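Chain and residue survey
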Amino acid sequence: MNLKQLRYFLTVAEEKQITAAAKRLFIAQPPLSYQLKQLEKELGVKLFQRTAHGIELTDAGNELQAYAEEILSLAKMAQDQVQKTAKGELGTIKIGSASSSVGELPSDKFTQLTKFYPDITFDVYEENTFGVLEKLHNGTIDLGIVRTPFNRNGIASKTITNERMTVVTTNKSFLEKEAVKLKDLDDQPLIIYRRFEDIFNKSFAHQGIKPFYAVKCDDSRTAILWAQKGMGLALVPESIANLYAKNQFVPIKHASWQTHLQLVWRKEKISPLMQRIIDLF
């Protein structure tokens, strides 16, 4: 018993004539009759009986009809789902989001994607950059959005944003500036996101500045909260400052203090759905 035989069987059951069924199936009558006989032989029952009005289903045929309709429906559904999966139009994408990737998850890109492909769903995991990378390496997530710098071993990436660092502060003398230079930060109490410390130290050392880090933390939002309490100057990426400290920040004018949000994935594993998301960026 195969799908073709079941399709032929249902067509004959609906048309109640071999001739009409063959015409509808675009085949000759002999091969249609042969397939029906093979189906009856395999099942060991009569599926049709001739009447004055044409061909009618036997009791066994009526029983098979319901199963055949369900089997063909499931086969069509399986075909559709498999094809959608192969095209990256179906499935769940597991994506990790660093806390500093606000503005990118969710984004208009994802809204547009799900408008065209409503069968795509998302599992979102929120961590800091290092937590996202750990989940990526152990296979918990498919993709991640993280902030530079990070260890790129085994990781492929695509840059999403380029940003300046900013000073978040309640100090009016700083907020009146168009931009802050590194020398303006000398002898100031600084609040930093710990993962940028090496970059800051190298730049300060190059200019002979010995920084005073009043607070070190692991999240830019935490740094901003301390700065808003007057505990010092928070050094954070511009997108974070713009979201959580609007009108309380000023950009830092220093070429090497650039940070990027990047989409990351394991080099050895890219599914069609992952590729579709990657292509969005």
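Residues numbered from 1 in each chain as written. Predicted model: local features only at pLDDT ≥ 70, side-chain atom pairs only at ≥ 80, totals over all residues. Heavy atoms only, no water.

On the surface, a cluster of positive charge is contributed by Lys177, Lys181, Lys183 and Lys253. Take lysine 177: it is sitting in the loop between α7 (172–175) and β7 (189–193). Judged by relative accessible area, which is 33%, lysine 177 ranks as partly exposed. (Patch = residues over 30% accessible without salt bridge, like charges linked within 9 Å, V, L, I, M, F, W, Y side chains within 5 Å. Areas by Shrake-Rupley, 256 points an atom, 1.4 Å probe, with all protein chains shown as cover. Salt bridge = Lys/Arg side-chain N within 4 Å of Asp/Glu carboxyl O. Lys, Arg positive; Asp, Glu negative; His and termini not counted. Charge placed at Lys NZ, Arg CZ, Asp CG, Glu CD. Helix = DSSP H or I, 4+ residues; strand = E, 2+ residues; numbered from the N terminus. Buried < 20%, exposed > 50% of the residue type's maximum accessible area, 1.4 Å probe, protein only.)

Time to look at unusual backbone geometry. Here the bond from threonine 148 into proline 149 is cis, since omega is 0°, no more than 30 degrees from zero. Here proline 149 is to be found in the loop between β5 (143–147) and β6 (155–168). A positive phi angle, close to 60°, is found at phenylalanine 26, a residue other than glycine. The exposure class of phenylalanine 26 is exposed, given its relative accessible area of 76%. Positive phi, close to 65°, is recorded for aspartate 187, a residue that is not glycine.

To continue, consider the packing of helix α2 (residues 18–25) against helix α3 (residues 29–43). At a minimum axis distance of 9 Å, the contact between α2 and α3 shows a crossing angle of 105°. Between α2 and α3, the crossing angle belongs to the class labelled roughly perpendicular. Side by side, α2 and α3 meet where Ile18, Thr19, Ala21, Ala22 and Leu25 of the first sit next to Gln29, Leu32, Ser33 and Leu36 of the second. Taken together, the residues that form the contact of α2 with α3 break down as six nonpolar, three polar and no charged. (Axes fitted to C-alpha atoms, helices over the stretch in contact; angles between N-to-C directions. Parallel < 35°, antiparallel > 145°, perpendicular 65-115°, else oblique. Contact = heavy atoms within 4.5 Å. Nonpolar A, V, L, I, M, F, W, Y, C, P; charged D, E, K, R; others polar.)

As a further point, take the packing of aromatic side chains. Each aromatic ring pair is characterised by the separation of its centres together with the angle its planes make. Under the defined criterion, the tally for this structure stands at seven aromatic pairs. Aromatic side chains phenylalanine 200 and tryptophan 257 sit 4.5 Å apart centroid to centroid with 50° between the ring planes, which places their arrangement in the tilted category. Of this pair, phenylalanine 200 sits in helix α8 (residues 197–206) while tryptophan 257 sits in the loop between β10 (249–251) and β11 (258–266), and the two are 57 residues apart along the sequence. Tryptophan 257 matches phenylalanine 200 in its accessibility class, with the two residues each being buried. Three or more aromatic residues joined by ring pairs form one cluster here, namely Tyr193, Phe196, Phe200, Phe204 and Trp257. It is arginine 195 that lies over the ring of phenylalanine 130; its NZ or CZ is 5.0 Å from the centre. (Phe/Tyr/Trp six-rings, centres within 6.5 Å; stacked < 30°, edge-to-face > 60°. Lys NZ or Arg CZ within 6 Å of the ring centre and 35° of its normal.)

With that settled, consider the nonpolar core. If you look at the biggest cluster of nonpolar residues, it comprises 20 residues, and the most contacted ones within it are Phe9, Val12, Leu32, Leu36 and Phe48. At the level of secondary structure, the elements contributing two or more residues to this core comprise α1 (3–15), α2, α3, β2 (54–57) and α4 (59–86). At six residues, α1 tops the list of elements feeding residues into this core. Those residues in contact with leucine 36 that sit more than four places away from it in its chain are Tyr8, Phe9, Val12, Ile18 and Phe48. Core analysis: the next-biggest nonpolar cluster, separate from the first, contains 19 residues, Val180, Tyr193, Phe204 and Ile252 among them. (Core = buried A, V, L, I, M, F, W, Y, C linked by side-chain atoms within 4.5 Å.)

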